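Next come the chains, spelled out residue by residue.
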Amino acid sequence: MALINLSTDDWDDLLQGDTITLGKTTVVISPLGIAQLKNMSLKVKALMEALAEKGINSSNFDAPENMANTFTTLVERVPELMEEATGINRDDIARLPLAKGVELLRKVIEVNVKSQETLVKNLLALGEAMRGLNLTAGA
């Protein structure tokens, strides 16, 4: 059996996203795929470890004595995360005006939330189909 490779057009249809304009460049923000989610999770883990090394955790990140370290660590690591999510070079992301950077982050979240809603719908339908099979042990 020959393996099938999806075309660029297939991927464009499967990973429909939304656009954002940065300067005069229009960038398509697509939902994250499994490989990107894996890479993102590794980068988020590294971010959390960097914060933990500084004694920062979810219960004390907003304490006045930790805010500077939290902010510095996020500013250092977020461009790498956003590069993975957008395909935009992390150096360019780091140079964006703060308002445009926040708009870019909002767009990434919106596109992926929409994708998640479709995932939940499909998982519910899959659950219904599985229930309809009336699977029993030993059948």
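Details of the structure are given in the entry above.
Given the structure is predicted, the values throughout are model-derived calculations rather than measurements.

A word on the overall build of the protein chain
Step number 1: Scanning the protein chain from N- to C-terminus turns up 5 helices and 2 strands.
Step number 2: If you list the helices and strands of the protein chain from N to C, you get α-β-β-α-α-α-α.
Step number 3: Its C-alpha atoms give the protein chain a radius of gyration of 20 Å, clearly above 14 Å, the size a compact globule of 139 residues would have.
Step number 4: Overall, the C-alpha framework of the protein chain stretches about 60 × 45 × 30 Å when taken along its three principal axes.

Overview of a negative patch on the surface
Step number 1: Judged by side-chain charge, Asp9, Asp10, Asp12 and Asp13 come together as a negatively charged surface patch.
Step number 2: With respect to the helices and strands, the residue Asp9 is situated in helix α1 (residues 8-14).

Thoughts on helix α3 (residues 64-86)
Step number 1: End to end, α3 covers 32 Å across 23 residues, agreeing with the expected 33 Å (1.5 Å per residue, within 8%).
Step number 2: The largest bend in α3 amounts to roughly 35 degrees and is located at Arg77, with the proline Pro79 lying one to four residues further along.
Step number 3: Among the residues of α3, Asn66, Thr70, Thr73, Pro79, Leu81, Met82, Glu84, Ala85 and Thr86 are the ones counted as buried.
Step number 4: Buried residues along α3 sit in contact with β2 (25-29), α2 (34-53), α4 (90-95) and α5 (98-132).
Step number 5: Phi turns positive, to about 80 degrees, at Gly87, one or two residues after α3.

A look at a nonpolar patch on the surface
Step number 1: On the surface, a nonpolar cluster with roughly 490 Å² of combined accessible area is contributed by Leu119, Leu123, Leu126, Met130 and Leu133.
Step number 2: Topologically, Leu133 is positioned in the segment after α5.

Reading the values: the criteria
- Residues numbered from 1 in each chain as written.
- Predicted model: local features only at pLDDT ≥ 70, side-chain atom pairs only at ≥ 80, totals over all residues.
- Heavy atoms only, no water.
- Helix = DSSP H or I, 4+ residues; strand = E, 2+ residues; numbered from the N terminus.
- Rg over C-alpha atoms; globule rule 2.2 N^0.38 Å.
- Patch = residues over 30% accessible without salt bridge, like charges linked within 9 Å, V, L, I, M, F, W, Y side chains within 5 Å.
- Areas by Shrake-Rupley, 256 points an atom, 1.4 Å probe, with all protein chains shown as cover.
- Salt bridge = Lys/Arg side-chain N within 4 Å of Asp/Glu carboxyl O.
- Lys, Arg positive; Asp, Glu negative; His and termini not counted.
- Charge placed at Lys NZ, Arg CZ, Asp CG, Glu CD.
- Expected span 1.5 Å × (residues − 1).
- Bend = angle between axes of the 7 residues up to and from the residue.
- Buried < 20%, exposed > 50% of the residue type's maximum accessible area, 1.4 Å probe, protein only.
- Contact = heavy atoms within 4.5 Å.

Read these as layout, nothing more, since geometry by itself doesn't imply function.
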